[in-house]
Amino acid sequence: MEPFDYAAPKTLNEAIALLVERGDRARVLAGGTDIIVQVREGRRHADLLVDIKRIPEVNILHYDPREGLRLGAAVPCYRIYEDADIARLYPGLIDAVSLIGGIQIQSRASVGGNLCNASPAADTVPALIVHEARCVVMGPAGQRLVPVEEFCVAPGRTVLGRGELLVELRLPPPRPHFGAHYLRFIPRNEMDIAVVGVGAAVALDERRERCVQARIGLAAVAPTPLLVPEAAAALMDGPLTESHFDRAAALAQAAARPISDLRGDAAFRRHLVGVLTKRALRTALQRARET
Amino acid sequence: MNDAQEHGRNGPGLSRRQFLKGSGMVAATTALVGPAAPAAEADAKAPVALGPGPVKIQLTVNGKKMTTAVEPRVTLLDALRNYLDVTGCKRVCDRGTCGACTVLLDGKPIYACTMLALEARGHDIKTAEALAADGRLDAVAAAFVKYDAQQCGFCTPGFVVALRGALDKNPKASPAEIEEALAGNICRCGTYEQMRHAIAELCGKEGKGA
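What you see is a predicted model; the values in this text were computed from it and never measured.

A. Representation of the interface of chain A and chain B in the model. The interface of chain A with chain B comprises 46 residues on the first partner and 51 residues on the second. A combined buried area of about 3,900 Å² lies between chain A and chain B, and 56% of that area is made up of carbon and sulfur atoms. The largest per-residue losses of area from chain A upon contact with chain B belong to Tyr6, Arg40 and Gln104 of chain A, which jointly make up 19% of the total buried on that side. Applying the counting criterion to the chain A and chain B interface returns 6 salt bridges. Between Arg95 of chain B and Glu41 of chain A there is a salt bridge whose closest N-O contact spans 2.6 Å. On the surface where chain A and chain B come into contact, there are 12 residue pairs in polar contact (both at pLDDT 80 or more). Those elements that provide at least two residues to the side of chain A that touches chain B are strand E1 (5–7), helix H1 (12–22), helix H2 (35–40), strand E3 (48–51) and helix H6 (103–106) of chain A.

Below you can see the structure in the form of structure tokens.
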């Protein structure tokens with residue numbers, strides 16, 4: 001591994017000062033499950049790793065019925081799924097953090113890190129998209145909010161500028177009669193990278209028949225995770241039926257721009273988008289009816 | 001055990017710049033006279049970074065405080081094996097996928113290969129050695145012996161540590177839950193069937209509070 005410096009600032013301002021000083025030769029270290037492997041394998045370079053885990057703000061995990069969920073950028077997966085309230089209210093997020101890696105990864109890896117790594121196949125990002133997450137970014141010019149679907153700009157690249165870091169994710173409180181689900185296709189049962197991942201969320205009317213709001217997010221079918229509003233819009237007309245799911249799945253397939261690689265070719269990925277979108281919607285609907 | 005410190009295309013050679021940085025001179029200078037930080041609050045200063053030369057650290061390993069000096073790039077796995085001679089955790093994939101380096105950090109199973117030694121300061125680290133403290137074999141390791149749940153044995157320390165972590169978290173875990181908790185460990189000899197026998201006995205025993 002190439003040599004680098006290490007700093008563990010205790011405040012956001014200290015972290016920002018380090019990131020400003022070192023520019024793109026500084027990398028943020030949260031759970032380390034991506035960055036340490038990447039630096040060791042020469043896929044990313046760093047003169048400095050900034051360990052943010054001693055900063056209180058990035059360790060926040062707090063739900064408020066009016067504000068929603070505040071999820072600090074360095075909170076590891078296990079803290080999220082071990083919280084019963086969050087598990088009940090944000091089922092799509094829980095699906096994602098429960099299937100990332102194995103238990104050793106979940107003990108360390110954070111949702112914020114998964115997002116900042118900006119892999120097109122990141123499991124938590126479609127889940128964050130369907131839960132309407134916004135990213136709190138802090139930098140030398142102060143704070144800004146970025147919708148999560150706009151955070152990744154290319155494989156491995158984000159909107160973060162020099163000196164900026166992701167502080168927390170804010171997920172609004174779930175709407176009434178809300179359900180969400182994330183699932184992926186992998187050829188193994190565990191410890192794999194999504195060939196395709198799909199998240200879906202639906203909110204139903206009082207009678208729990210019509211869809212009043214929906215989100216569909218896709219992973220591993222484009223350079224960045226995708227929000228597909230036109231697929232969600234196809235669910236809005238009349239009481240929900242399987243034919244709505246067929247239309248939404250077809251529109252999701254049309255929005256996908258997959259490549260062929262060692263995990264699957266483009267045609268297979270497009271096929272999976274259709275299958276998984278319908279499955280994600282069925283489970284989201286079932287969960288919405290149970291709330 | 002003398003693991004290679006470096007592998008991959010960079011090799012062990014140091015450039016002149018890296019040598020200067022490694023000597024500590026350049027690092028100290030830039031840290032002290034770096035540009036004033038235009039952070040959100042004017043009084044925020046960049047704290048002094050450690051490295052890239054060796055940093056003295058103290059780690060708590062299997063209940064003992066151990067002191068050494070490591071460069072920031074040294075992982076917890078390499079610090080344990082090569083600096084502290086705690087060799088229960090094994091280096092196999094070195095990229096967070098095989099589980100042979102599993103240790104318990106404050107009771108949570110983690111991959112020691114994807115954590116820096118510096119990050120582990122202030123945490124309680126347990127390795128496979130803790131499962132034979134004072135010459136008494138832990139029930140998990142004893143069950144692996146009884147059911148011959150290893151062949152070459154190189155993955156075994158990772159498996160028994162991950163399994164101990166899972167049972168500590170939930171002493172009433174079902175065999176299926178234990179198997180899920182071991183998803184991050186791989187045995188290339190394929191001794192999973194024997195492990196299942198060991199797990200079945202452990203789930204029975206721990207459930208009764210033994």
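B. Quick peek at the state of the cysteines. Counted according to the given criterion, the structure contains 0 disulfides over all chains. Residue Cys98 of chain B stays outside any disulfide, its sulfur separated by 3.8 Å from that of Cys93 of chain B, the closest cysteine.

C. Spatial organisation of the sheet that holds strand E1 (residues 55–61) of chain B. Residues and elements named next belong to chain B. Strand order in the open sheet formed by 5 strands is E2-E1-E5-E3-E4, with mixed pairing between adjacent strands. The strands lining the two open edges of the sheet, one partner per strand, are strand E2 (64–70) and strand E4 (108–111). On average, adjacent strands in this sheet sit at an angle of 40 degrees to one another, irrespective of strand direction. Relative to strand E5 (residues 124–126), strand E3 (residues 102–105) runs antiparallel, the two sharing 2 bridges.

D. Geometry of helix H4 (residues 139–146) of chain B. Residues and elements named next belong to chain B. Burial in H4 covers these residues: Val140, Ala141, Ala143 and Phe144. Seen along its axis, H4 keeps its buried residues to an arc of 160 degrees; they face one direction. Along H4, the residues that are exposed and aim more than 90 degrees away from the buried face are Val145 and Lys146. The backbone nitrogen of Val140 lies 2.8 Å from a side-chain oxygen of the residue at the head of H4, namely Asp138. Positive phi shows up at Asp148, right after H4, with a value of about 55 degrees.

E. How the structure looks around the nonpolar core. If you look at the biggest cluster of nonpolar residues, it comprises 41 residues, and the most contacted ones within it are Leu59, Val61, Leu76, Leu80, Val103 and Ile125 of chain B. Elements with a contribution of two residues or more to this core: H2 of chain A together with E1, E2, helix H3 (76–83), E3 and E4 of chain B. Those residues in contact with Val103 of chain B that lie beyond four places of it in its chain are Leu76, Leu80, Cys89, Lys108, Pro109, Ile110, Ala112, Ile125, Lys126, Thr127 and Val161 of chain B.

F. Seen up close, the packing of aromatic side chains. Within this structure, the stated rule accounts for 3 aromatic pairs over all chains. Arranged with centres 6.1 Å apart and planes meeting at 70 degrees, the rings of Tyr63 of chain A and Tyr90 of chain A form a pair that is edge-to-face. With Tyr63 of chain A in strand E4 (residues 61–64) and Tyr90 of chain A in the loop between helix H4 (84–89) and helix H5 (91–99), this residue pair connects regions lying 27 residues apart in the sequence. You can call Tyr90 of chain A buried: its relative accessible area is 0%. Seen from their ring centres, Phe159 of chain B and Tyr192 of chain B are 6.4 Å apart, and the 70 degrees between their planes marks the pair as edge-to-face. Residue Phe159 of chain B is located in helix H5 (residues 156–169), and its partner Tyr192 of chain B is located in helix H7 (residues 192–207); the two are separated by 33 residues in the primary sequence. Exposure remark for Phe159 of chain B: the relative accessible area of 2% places this residue in the buried category.

G. Structural context of the pattern of salt bridges. Scanning all chains against the criterion turns up 32 salt bridges over all chains. Its salt-bridge partner being Arg184 of chain A, residue Asp123 of chain A comes within 2.8 Å of it at the nearest N-O pair. Of this pair, Asp123 of chain A sits in the loop between helix H7 (111–117) and helix H8 (124–130) while Arg184 of chain A sits in strand E11 (residues 178–185), and the two are 61 residues apart along the sequence. Arg184 of chain A shares its class with Asp123 of chain A; the two are buried. Through salt bridges with shared partners, a single network forms among Arg40 of chain A together with Asp78, Arg91 and Asp94 of chain B.

H. Quick look at the domain arrangement of chain A. Under the domain assignment used here, chain A contains domain 1 (5–51), domain 2 (56–171) and domain 3 (178–290). Each of domain 1 of chain A and domain 3 of chain A was reduced to a C-alpha centroid, and the two centroids are 34 Å apart.

I. Broad picture of the sheet that holds strand E5 (residues 68–72) of chain A. Residues and elements named next belong to chain A. The 5 strands lie next to each other as E4-E5-E10-E6-E7, forming an open sheet whose pairing is antiparallel. The open sheet terminates on both sides in strands that have one partner only, identified here as E4 and strand E7 (142–147). Sheet twist, expressed as the average angle between the axes of neighbouring strands with direction ignored, equals 20 degrees. As paired elements, strand E6 (residues 134–139) and E7 share 6 bridges and run antiparallel to each other. Bridge pairing links Gly139 to Gly142 in E7. In the packing of H1 onto the sheet, the strands contacted are E6 and strand E10 (165–171), and the crossing angle to E10 comes to about 130 degrees.

Conventions and cut-offs
- Residues numbered from 1 in each chain as written.
- Chains lettered and ligands numbered in written order.
- Predicted model: local features only at pLDDT ≥ 70, side-chain atom pairs only at ≥ 80, totals over all residues.
- Heavy atoms only, no water.
- Contact = heavy atoms within 4.5 Å.
- Buried area = accessible area lost by both parts, 1.4 Å probe.
- Salt bridge = Lys/Arg side-chain N within 4 Å of Asp/Glu carboxyl O.
- Polar contact = N/O pair within 3.5 Å; in protein donor to acceptor, adjacent residues only side chain to side chain.
- Helix = DSSP H or I, 4+ residues; strand = E, 2+ residues; numbered from the N terminus.
- Disulfide = S-S within 2.5 Å.
- Pairing = 2+ DSSP bridges.
- Axes fitted to C-alpha atoms, helices over the stretch in contact; angles between N-to-C directions.
- Buried < 20%, exposed > 50% of the residue type's maximum accessible area, 1.4 Å probe, protein only.
- Arc of directions from axis to C-beta.
- Core = buried A, V, L, I, M, F, W, Y, C linked by side-chain atoms within 4.5 Å.
- Phe/Tyr/Trp six-rings, centres within 6.5 Å; stacked < 30°, edge-to-face > 60°.
- Domains from an automatic or database assignment.

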